[in-house]
Amino acid sequence: MRRIGYGISVEVPVGWSAAIVRRAAPADDPSGFDARAPQGIAPDPGDLVTERTLPVLHVSTRPVPATVGDFGSGAVESLGTEDVFVALVEYGSDLADAGLFEKQGVPRLAPSQFGPHRMPRDIVGRSASQHFFSVGGRAFCLFTVLGSHSRRMATVPRAAAIARSFQIVPAATMHARGVRV
Amino acid sequence: MSTGRTDPSEALAEVVERPTGLVKLIDRLSRRGGVSRRGLLVGAAVAGSALATDPKAYALMPQTAYATICGPGNTASSGWTIFCATVNKGVNGCPPGSFTAGWWKAADSSWCGGGYRYIVDCNAKCTKCSTGCADHICDSKCWNCSCTKGSTATCDQRVNCCNAFRYGQCNTQVKCSGGVHCRVVSCVAPYKWDNCSTTSFRSDSTAEHSSPYLPAWGPMEQLYTAMGAQKSYLRASAGPIRSTVDGTAKYVNYTGGRIWWTSATGASAMSSFVLERYAAFGGPSRLGYPKGARTTGLTDGGWIQLFQNGAMVDSASTSTHSVHGYRWGMWRDSGRENGPLKYPVAEMEDLPDGWIQRFQTGCTVVSTTTPRCLVHNYAWLAWVAVGREKGPLGYPTSDRAGLTRGTTQPFQHGGLWGLASRPMFAVWGAVLEAWLAAGGAGGSYGFPTAHVVDNGDGTLTGAFENGAITA
């Protein structure tokens, strides 16, 4: 079954769960200061820069909870030894094609790219890899977590198949559709 | 050559950080052996902070104070990264050899008044080599830090420089980095104070993670947040909330200044420069605590910061000075920098039988036998010209008063008189007696046109509009 959202699509194997979400932007607090600011201190105009949220794709052999963190916190803790969690996290077209996001195209995942300390939080037994890249003027991070580092030869191909199935609509097309990415 | 005077900064430190009874107790206990002074002190501080920040949880729940302060996942086995404040001398900023590499936010954090808390990863730089950068993280042997567990001297025992991960919204011009050295926190989004993208990621599970070296939420953090946190001149916090020796005030040190709080004044910030001058001027014991932020945009590019007992003030034409006590009330009531005295040019100076504080165009002065007075403009010039309090006039006995055609100011042994908007002149001694007998300024001689001069033969001569008197 193909899952589509925000110009990103992925082929989801039977039995896997997937979600493509874009959290609501924090419209209630553009300055970040809000009612906590003592009286008499006006926000700097520069503080009115607004935060943005962009699409995040989660695919996993386990059900993905609604409260999952963008990089899988709340989900990767419960992975079994044969489980896989894949996150495709978008950063914004303004960051695409340069610096950290200079590489082009979805990376091909290989077991050698995975390590036990490649997560925001080290969890014993887990293994992860992280790649920054751009496709069609859109900047992404592909973050993949395996339930077991010792089982990576068996599980990485399953994650790699997920990554190979990604289809991404270019930024220019999305902008023409009126969707900010 | 020793002057015998204490360094002003040390003097302030002595005022606010002199060992308390608790510290003395800890010293005694630590000297008995078994536990380090640091360990005892941190433990005591943590317990105190726990009571201050979450007393209900600390008192009612079966948990340690450490858990209350440092939050969940505070051990190395949790896998989370340590806070920079814990490993960077208390400073909530990236240590040397690391840089802001990405951020996320956590909702409903008590450390930000129930709002969003922003956690920023400081990643190590690849300073030792550049191998392994195919996936944007160099080999760990290249990192500018080494993987360690947090010290057991603090409750923040999370791992230091171990996790090879990058959130990736900050300093994206850096293509390859080391792992996460430590974490910085703020209640203000990092794209407002560092080179970070506004792209927001979220992980609420870290909302209550913390360190005993970070200031808890309260009036001081509220002010710091309102000022823009790290974007403000205060920059990064450099330790937790501390109390003064006498318990009347609390404060938080920042790399660019300090925030004070008392129940009487609320929270007020001051820059490092003002803090240094504040210490030099006597600190809390003389000026009291600040009553608000520094106000800029005064006449002649000046600024002022008000304190309980006075003010610190500066302008483009003068250096920084304090005005406190009676002098403050006199200067304030006279119109401050817009009054006849303008800005102070010196601190209060002790005199053998009184004191004086000089301003750009006058002074405030008092002696043991005369009241507090202002002397300004032509009166100030005239008084200085005849030797001030050491001259024939002595100290002023009243402020300047108006006359029909001019002004006058009385002194112990004479007075100053001048036509409106014209120089004033000193009249004293036998000339004064003769002149007053003739009706003074309103009499036949009129106003003086020069100071009385001593002829050196036991007589004085005074020049007036309509003649001279020698007596």
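Small disclaimer: the values here were computed from a predicted structure and weren't measured.

**Q** Which residues make up the overall build of chain A, and what are the values?
**A** Helix and strand content of chain A: 2 helices and 8 strands. Every one of the 181 residues in chain A was classed for burial, and the buried ones make up 52%. For chain A, the proportion of contacts with a sequence separation of at least 24, taken over those separated by at least 6, is 66%. Split by element, the accessible area of chain A, about 7,700 Å² in all, is 57% carbon and sulfur.

**Q** Hey, could you go over the state of the cysteines for me, with residue numbers and the actual values?
**A** Counted by the stated rule, this structure contains 10 disulfides over all chains. Across the disulfide, Cys145(B) is cross-linked to Cys161(B) (sulfur-sulfur distance 1.8 Å). With the S-S bond torsion at 75°, the cross-link from Cys145(B) to Cys161(B) turns out right-handed. Here the residue Cys145(B) occupies a position in the loop between strand E2 (115-124) and strand E3 (148-149), and Cys161(B) occupies one in the loop between strand E4 (159-160) and strand E5 (180-186), the gap between them amounting to 16 residues. Side by side, Cys145(B) and Cys161(B) carry an identical accessibility label, which is buried. A disulfide bridge connects Cys147(B) with Cys162(B), and the sulfur atoms are separated by 1.9 Å. Sign of the S-S torsion, about 95° for the bond between Cys147(B) and Cys162(B), identifies this disulfide as right-handed. Remark: Cys162(B) occurs in the loop between E4 and E5 and Cys147(B) occurs in the loop between E2 and E3; sequence separation between them is 15 residues. Its relative accessible area of 10% is what places Cys162(B) among the buried residues. Here Cys141(A) stays unpaired: no disulfide links it, and the sulfur of Cys170(B), its closest cysteine neighbor, is 14 Å away. Cys373(B) provides the cysteine sulfur closest to Cys363(B), a residue in no disulfide bond, and the two sulfurs are 9.1 Å apart.

**Q** Lay out the pattern of salt bridges with the relevant residues and their values.
**A** In total, this model carries 18 salt bridges over all chains according to the counting rule given. For the salt bridge of Lys175(B) with Glu102(A), the shortest nitrogen-to-oxygen distance reads 3.0 Å. Remark: Glu102(A) occurs in the loop between strand E5 (84-90) and strand E6 (127-135) and Lys175(B) occurs in the loop between E4 and E5; the pair is interchain, linking two chains. Classification of Lys175(B) by relative accessible area gives partly exposed; the value is 40%. For the salt bridge of Arg332(B) with Asp333(B), the shortest nitrogen-to-oxygen distance reads 3.3 Å.

**Q** Any chance you could break down the environment of Gln230(B) for me, citing the residues and the numbers?
**A** Residues and elements named next belong to chain B. Inspection of the secondary structure assignment puts glutamine 230 in the loop between helix H7 (219-226) and strand E6 (242-243). In this structure the C-alpha to C-alpha distance between glutamine 230 and tryptophan 435, which are 205 residues apart in sequence, comes to 68 Å. When sequence neighbours within four positions are dropped, the list of residues in contact with glutamine 230 reads Asn92, Val184, Val185, Ser186, Trp193, Tyr224, Arg235 and Ala236.

What counts, and where the lines are drawn
Residues numbered from 1 in each chain as written. Chains lettered and ligands numbered in written order. Predicted model: local features only at pLDDT ≥ 70, side-chain atom pairs only at ≥ 80, totals over all residues. Heavy atoms only, no water. Helix = DSSP H or I, 4+ residues; strand = E, 2+ residues; numbered from the N terminus. Buried < 20%, exposed > 50% of the residue type's maximum accessible area, 1.4 Å probe, protein only. Contact = heavy atoms within 4.5 Å. Areas by Shrake-Rupley, 256 points an atom, 1.4 Å probe, with all protein chains shown as cover. Disulfide = S-S within 2.5 Å. Salt bridge = Lys/Arg side-chain N within 4 Å of Asp/Glu carboxyl O.

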